[in-house]
Amino acid sequence: MLDFTLEPRPSPSRTMRLAMPLIATLITLAGGVLIFSFLGKNPAQAMAAFFLAPISSLNGWSELLLKASPLCLIALGLAIGYRANVWNIGAEGQLLLGGIFASGVAIHFDGHGGPWLLPLMMLAGAVGGMLWAAIPALLRVKFNANEILVSLMLTYVATQLLIYLVSGPWQDPHGMNFPQSINFSRDALFPRFFGDWRWAPWRGTRLNASVFMAVVAVPAAWFFMRKSFAGYRMEVGGLAPLAARYAGYSEPRAVWLALLIGGAAAGLAGTGEVAGPVGQLQATWAPGYGFTAIIVAFVGRLHPVGIVLASLLMALLYLGGEAVQTSLQLPKAISGVFQGLLLFSLLGCDVFVNYRLRRRARATAQSV
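For the structure given in this document, a descriptive report is provided here. (Residues numbered from 1 in each chain as written. Predicted model: local features only at pLDDT ≥ 70, side-chain atom pairs only at ≥ 80, totals over all residues. Heavy atoms only, no water.)

With respect to the packing of aromatic side chains
We count it as follows: Only the six-membered ring of Trp is used, alongside the rings of Phe and Tyr, when aromatic pairs are assigned; centres must lie within 6.5 Å, and planes under 30 degrees apart are stacked while those over 60 apart are edge-to-face, with the rest tilted. Numbering of helices and strands starts at the N terminus; helices are DSSP runs of H or I of at least 4 residues and strands are runs of E of at least 2. The rule is simple: take the accessible area with a 1.4 Å probe, protein chains only, and divide by the maximum for that residue type; under 20% is buried, over 50% is exposed, in between is partly exposed.
Per the counting criterion, the structure on display carries 18 aromatic pairs. Judged by centre distance (6.3 Å) and plane angle (25 degrees), the ring pair of Phe-229 and Tyr-232 falls under stacked. Residue Phe-229 and its partner Tyr-232 are located together in helix α8 (residues 229-239), separated by three residues, close to a single helical turn. For Tyr-232, a relative accessible area of 45% translates into the label partly exposed. An aromatic cluster is present here, built from Phe-193, Trp-197, Trp-199, Trp-202 and Phe-212 joined pairwise through their rings.

Pasting the structure below:
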């Protein structure tokens, strides 16, 4: 039908590959101008309200970091697996299980805590995420089940498990029948920068020590990907499966390692949420970070530094959706529109990094 075809490039440009997230971001901004125009809003005013107003104050920056840190943590865990062609799509369920396990520890030791309680919750959260990720790992290794479908479907099971717990055995008896747990004790919460540590610049903000998990995870992920033998084996397995098999690298081990690392990272992010800004387990607690982190990982090019920048951008999209909801009376879901537009722009740009548009030979066009 068309006189053009896509021809694979012999060697895609590394420079263009690194530049494509920036180009995709610019395309997204241009699309945002069109979207706001179609909605009858002044594009300049709307773009300023969406991208600038949320970070015009210190409280806005603290909220940006609170949203970016779990996104960054989950995306780092996913990126390790994606480099090995292990596609964990169920990080949202693993995040919920991490929060559930951590909350179980906080509820069990309520009133009997100490300095050891928060580290125990972090350990429980990581274990919860790993156990949920172990299900698709086991089914992939033993029965060759598709980990994409299994991990995704388990997310909805995790959601129902959360609702059951906070509506039944873990429901706060003094919570006026709301589906939520008790408020966690002080020992079960991450210290706040101002409320606990009295860091004056952060007065009036919710920023807490959970953000340090992402700070530690970034260099750890870089070291694992770039300097460790295990990370090298996983990357070779993703880029050249036949070469990895010839070298004796175990594919089942790579599958297990990739999914367990992703599950642990998501579980820790869930712990940071319930023991941080939320402070309890709630039926409505399903932030969607596990799904958004997939976009973060790809926008960040599966590289720790890129993931940090992409997580800040995605967090800004979350805040922008909340800001225009109040200032311009637009639906909060517009942030999801921007996220989807960014992902599709990146995928479209990637096509032209790996392929070039060629005109078909006339004889070939006529024969078709």
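With respect to α8
Formally: Residues are treated as being in contact if the distance between any of their heavy atoms lies within 4.5 Å.
Buried residues of α8: Gly-231, Met-234, Val-236 and Gly-238, and no others. Looking at the buried residues of α8, the elements they touch are α3 (58-83), α7 (211-226), α9 (241-246) and α10 (251-278).

Examining α7
Convention followed: Working rule for helices: expected span equals 1.5 Å times residues minus one.
Taking 1.5 Å of rise per residue, 16 residues should cover 22 Å, and α7 covers 24 Å from first to last C-alpha, within 8% of that figure. Every buried residue of α7 is listed here: Val-211, Met-213, Ala-214, Ala-217, Val-218, Ala-221, Phe-224 and Met-225.

Observations concerning the environment of Ala-286
Position of Ala-286 among the secondary structure elements: in the loop between α10 and α11 (289-299). The spacing of Ala-286 and Gly-270 is 16 residues in sequence and 9.7 Å in space, taken between C-alpha atoms. Ignoring any residue separated from it by four or fewer positions in sequence, one finds Ala-286 in contact with Glu-92 and Leu-96.

Focus on the pattern of salt bridges
Our working definition: Here a salt bridge means any side-chain nitrogen of Lys or Arg lying within 4 Å of a carboxyl oxygen belonging to Asp or Glu.
This structure, assessed with the given rule, holds eight salt bridges. Glu-235 serves as the salt-bridge partner of Arg-83, at 3.2 Å between the closest nitrogen and oxygen. Of the two residues, Arg-83 is situated in helix α3 and Glu-235 in helix α8; the sequence distance between them amounts to 152 residues. With a relative accessible area of 15%, Arg-83 lands in the buried category. Between Arg-140 and Glu-147 there is a salt bridge; the shortest N-O distance is 2.9 Å. Considered together, Arg-140 and Glu-147 belong to a single accessibility category, that of buried residues.

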